[in-house]
Amino acid sequence: METSKLKRIVKRRRAQPSALAWPVGGIGNVNSNNKLTSVKPSPITNSSINSTASHSKVRRHRNPSIRQNKSSQQWIDKYQPRSIKELCIAPAKISLVQNWLESKYDKECIDPTKFIILAGATGIGKSTLIRVLAKELGYRILEWNESFMEYSRQGGYQSSIQQFQEFLDSVSFPYEAVSISDGASAPAKKSLVLIDDLPHLHTQEQKVQFQHCFNAYIQKTQTPTVMIYSNGSEGKLKPDDLEEYLDPQILYSPLVNIIQINPVTKAKMKTCLMKIFQKEGIRIPSPDFFEEMHLKHAGDMRHAIMNLQFQYGSFEGKGFIGRNSTNSGVSTTSMDSRDKKLSTFHALGKILYAKRVDQVSQRSLNQEEDYHDYSWNLDKRPQLQFDAETVLEESDIGIHGALNFVQFHSPDFFSEISEINQAFSNFSDAAYLLDSPYELRGSLFPEAYATSICGRTVGDTNKHPAPSKFRQLTAPKTYEVKRKQNENMIKIENICRRLTYREHHLALDVNVRSSHDFASDALPFIKRIIPEEVATLSSDIFSQRNINIANANNVDNDSINDVKIQVSQQTEVLTRDDIVDSSDDEDICNGNVNASTCMNDSNKNGAKFDHTENEPDIIVIE
Amino acid sequence: MPLWVDKHRPKDLSQLTYHDDTTSRLKSLAEDPHSLPHLLFYGPSGAGKKTRISCLLKAIYGNGAERLRLDKRTFKTPTNRSVDVNMICSNYHIELNPGDAGIYDRFVVQEVIKEMAANKSLNAGGGIMGISASTEEDDSKKKKAVEYKIVVLMEVDKLTKQAQAALRRTMEKYSSTCRLILCCNNQSKVIDPLRSRCLGMRIAAPSHDDVCVALKNVAAKEKITLPDKLTIGIAEECSRNLRRAMLMLETSRVNAGSTVLRDNQGIHKTDWEMFILQLARDITMEQSPQKLIAAREKLYELLINCIPATLILKTLTMELIQNLDDELKYEVIEAAAFYEHRIAMGSKDIFHLEAFVAKFMTIYKKYLNDMFA
């Protein structure tokens, strides 16, 4: 049990070495560490180690010029599947694609599908499937890949969409002598189009343009076309992602077939890896090892093989195994496993909903690992389902953004004001830590603390969560407020400057003043005294709506003092009725939502107190 | 037509109506401009710091110090960025707000002072004591005496620490040809070495009586009848800020529509204060997460309108504690002080404001529950 605990710690540390500047020396005696130092550097295990294996990277490795000799060939290329049998994809899916490809050049075929989309996580062999099939069937692959395109020979820049469109035009008729890679190819050869990479779409116009040309292509093309799509977030494909590229009408029409490819199964992965072990002459580790490999690489075959080569491949003596097979699988944990990635909203959702482990499973867990007992007793609540720091590490949102998000959305998840208070005071702490000046930091600690606070606050303080329901997570208003504030600041500065120059003499304090003071101190009065001077600004800066609602709610009062009296009266009412007073609620509703009634009220009573209510027109606009 | 606040601003040391001690000291400084040290004016806004500085300048240099022009200077920083800074100049002095330069303030401060120190004063107008009609001999005597120019730096408390440190070195180096007058609200944000090199001039906020006197003066000059009750009302509402009092007076005049002001016509409060009042009312009425979300919207609105967060917090606290038990007042003010410190130290204002609102709601709800449970 002791060791397993240690293992877990090691795993976490390794996964996030940069953000947590904790000393690792204390746990350095885990055998993997020693092993790492003894590794003799291999010429090619360089860049592939930490990469999450993007397409372009792999392509580059396939470039023969990198290969130095046969023994140092990348395993990923060396053991590339050569036949259908070697593929790691479910046979049903393979035959589906194969049948379709064969039928396309069959005159009697009535299958309307012209276009298939292979969707699935990275590194599970989608592209390989097509390549292998093409080889077996004798098809030629016409491939478009953004990274292959260069600046056009004429010297001018051609947008990647244009290039893509030209490519599509050139390949839409299969028997014509298309010359993409080699013009001398036989025209009669059957071909298929492989779209392995899509142009980057930055703007909305580009998206529309792309959709348009893609749709046109799908309708007219005679060539079977396969698109590989691996951008699914967290390995799952969401239909919206594809809708960005394709018009839904086409996407869901019989012309298009979407095939979802699942990650490699445990058994498949084991078979593949076993084969490699055998061929390389490496002693086969215990079954746990494969178990772990699968877990770690989440079905990403490419990544698994690369890691395997890193761990075993570069040893001269093939018999040398990095570990005793008795405790195999232990130290691999410290090797870089494939980084998990959580989408922003998934991570935020985890933190905000702060779900806890079921009581039952918690109990059984406690029996095994007694160190949880402490927290269990302290809090009477089961553990959180997640590790807040890890969640934030894995998400792509920075701590500043995360803090803003969590703080903005958290009140909706609470039901007790005192708990919010606690949460907000924690957020304030976190913000304070993040703001601390650089010279006082000296270390990375404030960020790490803030991360912990940000991730754990809601889970910790929210003892009585509001009933679970769907909540829309939007961008926090904080940014919008900042932006508008800056805009208004500029406007106010301009006004301030203009007033300073009014009528060719320097007025208004003869001063280069701070606009903050000006906005709060002078502007409200100046608006009354010389409204024409600030007319450009008053409509959009001080939002009349809210100010007038504030006034409209007090329609029965003549002056501020009366408002104050009313406040105290209402407080009394409130206390008498134990904070449940429907009339109060209504009043508030009027204030915030039902602006039109307020507007009427204020119009009716406008004459009575001209000093606050002589701008009804502006409310009407609202 | 200029605003009353500008029109009736004292132009001369003798016209100042309050802080007579300070005024007489300034007079004696101006009598012997040779011994003028670097000065640091500090005090709340609307107390009259700026007015006193310009009066002092006039007393030293004579009418020439009143001929002002607005300049826009562009500085090139060592990193090849250009920074625009607005400044107000006369032949004898230059006034700027180095905070405009943002992070390049250190550079701007040094450049300006170096430049000023490099050219000796033109001394064209000579120094004329503002009080007595001065004779030709006085003039010539002053001409020789005043050999330095003055740099007025506004809002030194907003300067970065680096800029303040730079100021320290520069002001020693060039003190023979250049004097500095620093002006700030909060002396505690000015670094110690700087404070020790300057003669501190504390300009306290005017008392209610002082404000009333000033208001009456202006009313007399503008030939309007200002009833006593309204005067006192304005003095109480202006939070001892004379600039604000003057603006309130002129607003009342505009609202009244005639030169005769009435006692009962009410004082125009600023719209943002009304807004905060409403906010305070809301959060004392009901304490729930929903209310907190509504309150947050109001806070956003205030921030968007460029109301400083510390001011929001202060005003809100003052409104909130009015109807509270003494025991609660203590707690609420403690919380307010805590979060005001946070706001001053950090940049995420909204976090701290909301935390304060939540804190108040909790305190208040607990109080109500304890009372009626």
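See the structure above.
Residues numbered from 1 in each chain as written. Chains lettered and ligands numbered in written order. Predicted model: local features only at pLDDT ≥ 70, side-chain atom pairs only at ≥ 80, totals over all residues. Heavy atoms only, no water.

Colleague: What am I meant to see in unusual backbone geometry here?
Modeller: When glycine is set aside, most residues are seen to have a negative phi, and most peptide bonds are trans. Residue and element names in this part refer to chain B. Within the chain, S239 stands out as a residue other than glycine whose phi angle is a positive 50°. Note on placement: S239 falls in the loop between α9 (228–237) and α10 (242–256). With relative accessibility at 49%, the residue S239 sits in the partly exposed group. The phi dihedral of R240 is positive, around 55°, even though this residue is not glycine. For R240, the position within the fold is in the loop between α9 and α10. Classification of R240 as partly exposed rests on a relative accessible area of 37%. (Helix = DSSP H or I, 4+ residues; strand = E, 2+ residues; numbered from the N terminus. Buried < 20%, exposed > 50% of the residue type's maximum accessible area, 1.4 Å probe, protein only.)

Colleague: I keep staring at a positive patch on the surface and nothing clicks. Help me out?
Modeller: Residues R82, K135, K275 and K279 of chain A make up a contiguous surface patch of positive charge. Structurally, the position occupied by R82 of chain A is in the loop between α4 (75–78) and α5 (91–104). (Patch = residues over 30% accessible without salt bridge, like charges linked within 9 Å, V, L, I, M, F, W, Y side chains within 5 Å. Areas by Shrake-Rupley, 256 points an atom, 1.4 Å probe, with all protein chains shown as cover. Salt bridge = Lys/Arg side-chain N within 4 Å of Asp/Glu carboxyl O. Lys, Arg positive; Asp, Glu negative; His and termini not counted. Charge placed at Lys NZ, Arg CZ, Asp CG, Glu CD.)

Colleague: Explain helix α18 (residues 399–409) of chain A to me, please; I cannot follow it from the model alone.
Modeller: For an α-helix the count is 3.6 residues per turn, leaving residues at separations of three or four pointing the same way. Buried residues dominate α18 of chain A, accounting for 10 of its 11 residues. All of the buried residues along α18 of chain A are I399, G401, A402, L403, N404, F405, V406, Q407, F408 and H409 of chain A.

Colleague: Whenever I open this one, the side chain of K126 of chain A confuses me. Can you help?
Modeller: Residue and element names in this part refer to chain A. Its location among the elements puts K126 in helix α6 (residues 126–137). Judged by its relative accessible area of 4%, K126 falls in the buried class. Ignoring sequence-local partners within four residues, the contact set of K126 consists of I89, L118, A119, G120, A121, I228, Y229, S230 and I261. (Contact = heavy atoms within 4.5 Å.)

Colleague: Explain the environment of S176 of chain B here, please?
Modeller: Residue and element names in this part refer to chain B. Mapping S176 onto the fold places it in the loop between α6 (161–173) and β6 (178–184). Looking at S176, the relative accessible area reads 55%, which means it is exposed. In sequence terms S176 and A117 are 59 residues apart; their C-alpha atoms lie 8.3 Å from each other.

Colleague: Whenever I open this one, the packing of aromatic side chains confuses me. Can you help?
Modeller: By convention here, two paired aromatic rings are described through the distance between centres and the angle between planes. What the rule picks out here adds up to six aromatic pairs over all chains. Centroid distance F360 of chain B to Y364 of chain B: 5.5 Å. Interplanar angle 15°. Geometry classified as stacked. Of this pair, F360 of chain B and Y364 of chain B both sit in helix α15 (residues 349–372), four residues apart, roughly one helical turn. By relative accessible area, Y364 of chain B is classed as buried at 4%. Over the ring of Y18 of chain B we find R52 of chain B, and its NZ or CZ is 4.9 Å from the ring centre. When the ring centre of Y432 of chain A is taken as origin, the NZ or CZ atom of R342 of chain B, which lies over that ring, is 4.4 Å away. (Phe/Tyr/Trp six-rings, centres within 6.5 Å; stacked < 30°, edge-to-face > 60°. Lys NZ or Arg CZ within 6 Å of the ring centre and 35° of its normal.)

Colleague: Teacher, can you tell me more about the sheet that holds strand β2 (residues 69–76) of chain B here?
Modeller: What holds strands together in a sheet is hydrogen bonding between their backbones, with the strands either parallel or antiparallel. Residues and elements named next belong to chain B. Pairing within the open sheet is mixed, and its seven strands lie in the order β2-β3-β4-β5-β6-β1-β7. Looking along the sheet, the strands with just one partner apiece sit at the ends: β2 and β7 (199–202). Averaged over all adjacent pairs, the angle separating strand axes in this sheet is 25°, with direction ignored. As judged from the eight bridges shared by β2 and strand β3 (residues 82–89), these two strands associate in the antiparallel manner. By the bridge assignment for β3, R73 is matched with V85. Most of the contacts of helix α3 (residues 49–61) go to strand β5 (residues 149–153), to which it runs at about 175°, and overall it touches β1 (39–42), β4 (93–96), β5 and β6. Helix α4 (residues 105–118) contacts β2, β3, β4, β5 and β6 of the sheet and is inclined by roughly 115° relative to β2. (Pairing = 2+ DSSP bridges. Axes fitted to C-alpha atoms, helices over the stretch in contact; angles between N-to-C directions.)

Colleague: Is there a simple way to explain a negative patch on the surface in this structure?
Modeller: On the surface, a cluster of negative charge is made up of D325, E327, E331 and E334 of chain B. Looking at the secondary structure, you find E334 of chain B in helix α14 (residues 326–345).

Colleague: How do you make sense of the pattern of salt bridges when you look at a structure like this?
Modeller: Proximity of charged atoms lets side chains of opposite charge pair with each other. Residue and element names in this part refer to chain A. In the structure shown here, the tally under the stated rule is 19 salt bridges over all chains. Across the pair E480 and K484 runs a salt bridge, and its minimum N-O distance is 3.1 Å. A residue pair is termed a helical-turn pair when its members lie 3 or 4 positions apart in one helix, as E480 and K484 do in helix α22 (residues 477–500) at four residues. Overall, E480 belongs to the partly exposed group, its relative accessible area being 31%.

Colleague: How do you make sense of the environment of H297 of chain A when you look at a structure like this?
Modeller: All names here are of chain A. Tracing the chain through its elements places H297 in helix α12 (residues 287–297). Among the residues examined, H297 registers a relative accessible area of 0% and is labelled buried. H297 sits 10 residues away from N307 along the chain, and the two C-alpha atoms are 9.4 Å apart.

Colleague: Where do I start with the side chain of T225 of chain A in this structure?
Modeller: All names here are of chain A. Tracing the chain through its elements places T225 in strand β4 (residues 225–229). Take T225: its relative accessible area is 0%, and that puts it in the buried class. Separated by 2.8 Å, the side chains of T225 and Y217 make a polar contact. Excluding residues within four positions of it along the chain, T225 makes contact with W100, K114, F115, I116, V193, I195 and Y217. (Polar contact = N/O pair within 3.5 Å; in protein donor to acceptor, adjacent residues only side chain to side chain.)

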